[in-house]
Amino acid sequence: MLCCCWSAKGGSGTTVVTASLGLELGERGADVLLVDLAGDLPAVLAVETPGGGVSDWLLAPDELPADALERLTVRVAPSIDLLPAGDRLDGPLPADRVTLLRDLLSASARTVIVDLGTLGPDPSPLAAGLLDRAESAVLVTRACYLALRRVAIGRLRVDEVVLVEEPARALQTRDVEDVVGAPVRVRVPLDPAVARAVDAGLLAGRRPRALRRLAALVP
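Reading the values: the criteria
- Residues numbered from 1 in each chain as written.
- Predicted model: local features only at pLDDT ≥ 70, side-chain atom pairs only at ≥ 80, totals over all residues.
- Heavy atoms only, no water.
- 1 Å grid on protein atoms, 1.4 Å probe; cavity = no way out; pocket = protein on both sides within 12 Å on 5 of 7 lines; lining within 4 Å.
- Points joined across faces, edges and corners; volume = space filled by probe spheres on them.
- Helix = DSSP H or I, 4+ residues; strand = E, 2+ residues; numbered from the N terminus.
- Nonpolar A, V, L, I, M, F, W, Y, C, P; charged D, E, K, R; others polar.
- Contact = heavy atoms within 4.5 Å.
- Polar contact = N/O pair within 3.5 Å; in protein donor to acceptor, adjacent residues only side chain to side chain.
- Buried < 20%, exposed > 50% of the residue type's maximum accessible area, 1.4 Å probe, protein only.
- Pairing = 2+ DSSP bridges.
- Axes fitted to C-alpha atoms, helices over the stretch in contact; angles between N-to-C directions.

Overview of the layout of surface pockets
Okay, so step 1: Size it by volume and the largest pocket reaches roughly 400 Å³.
Okay, so step 2: If you go around the largest pocket, you meet 20 residues; those closest to its centre are Leu 37, Leu 89, Asp 90, Ser 124 and Leu 126.
Okay, so step 3: Counting residues per element, the ones that place at least two in the lining of the largest pocket are helix H5 (95-107), strand S5 (111-118) and helix H6 (125-133).
Okay, so step 4: Its residues assigned to classes, the lining of the largest pocket comprises twelve nonpolar, seven polar and one charged.

Examining the environment of Asp 36
Okay, so step 1: With respect to the helices and strands, the residue Asp 36 is situated in strand S2 (residues 32-36).
Okay, so step 2: Residues Asp 36 and Leu 105, spaced 69 residues apart in sequence, show a C-alpha to C-alpha distance of 12 Å.
Okay, so step 3: Contacts of Asp 36, omitting those with residues within four sequence positions, involve Leu 41, Pro 42, Val 54, Leu 82, Leu 83, Pro 84, Ala 85, Leu 89 and Asp 115.
Okay, so step 4: Here Leu 41 takes part through its backbone nitrogen, which lies 3.3 Å from a polar atom of the side chain of Asp 36.

Observations concerning the pairing of strand S7 (residues 160-165)
Okay, so step 1: Counted residue by residue, S7 has five buried out of six residues, so it is predominantly covered.
Okay, so step 2: By the bridge criterion, five bridges tie strand S6 (residues 136-142) to S7 in an arrangement that is parallel. By the bridge assignment, Val 140 is partnered in S7 with Val 162.
Okay, so step 3: Direction of pairing for S7 relative to strand S8 (residues 184-189): parallel, over a ladder of five bridges. Bridged to Val 161 within S8 is Val 184.

Details of the sheet that holds S6
The strands making up a sheet associate through backbone hydrogen bonding, with each pair oriented either parallel or antiparallel.
Okay, so step 1: On the basis of which strands lie adjacent, the open sheet formed by eight strands has the order S3-S4-S2-S5-S1-S6-S7-S8 and mixed pairing. The open sheet terminates on both sides in strands that have one partner only, identified here as strand S3 (74-77) and S8. Put simply, the sheet's adjacent strands are angled 25° from each other on average, direction ignored.
Okay, so step 2: Across five bridges, the pairing between S2 and S5 is parallel. Counted as the bridge partner of Leu 34 is Ile 113 from S5.
Okay, so step 3: Contacting strand S1 (2-7), S5 and S6, H6 crosses the sheet at an angle of about 130° to S1.

Quick look at the structure:
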């Protein structure tokens, strides 16, 4: 199972949603691999990474051992591992390795949840390839005109939406669904408890109730 989470505008909460979805599924018995392509999952989950990640694997020599990608993962909780981003994802990446990574993640027996971060109308080949192969492409957004305008312009794949609800927004759930062309599957109220949990490094162990409904995204 490959699920990709992305947003069209920074600050939408994609990383928190990705982390919380992985944690929720892991607690329910799934074998989860969280893949960080945005760079913030270790901080949100309060885990130390020894160095290395996706970019290092993509840029490494071809004679890597078969389990090299797995060796880069970090244990977050029982049955939940994190594959960090590394620090060189912004540069050019070998097309053959990008294709191989896409194939490995999409064929994995694990539940793979990828944080693609903020995507523009012309995403990287890595992000585009994963979106294409994903069983579910999840847009994380607020009912924000600018964010929804970018989604409409970009025309990237959206299968379902996590709507971060803010008070006093003029746009409603139906407006979001009309623009995006996909159902709002989960509504998460903007809750200060989420920010407090992230700031204190407690998201993995003391997740606010508002985030527990995210398991509805994956059957």
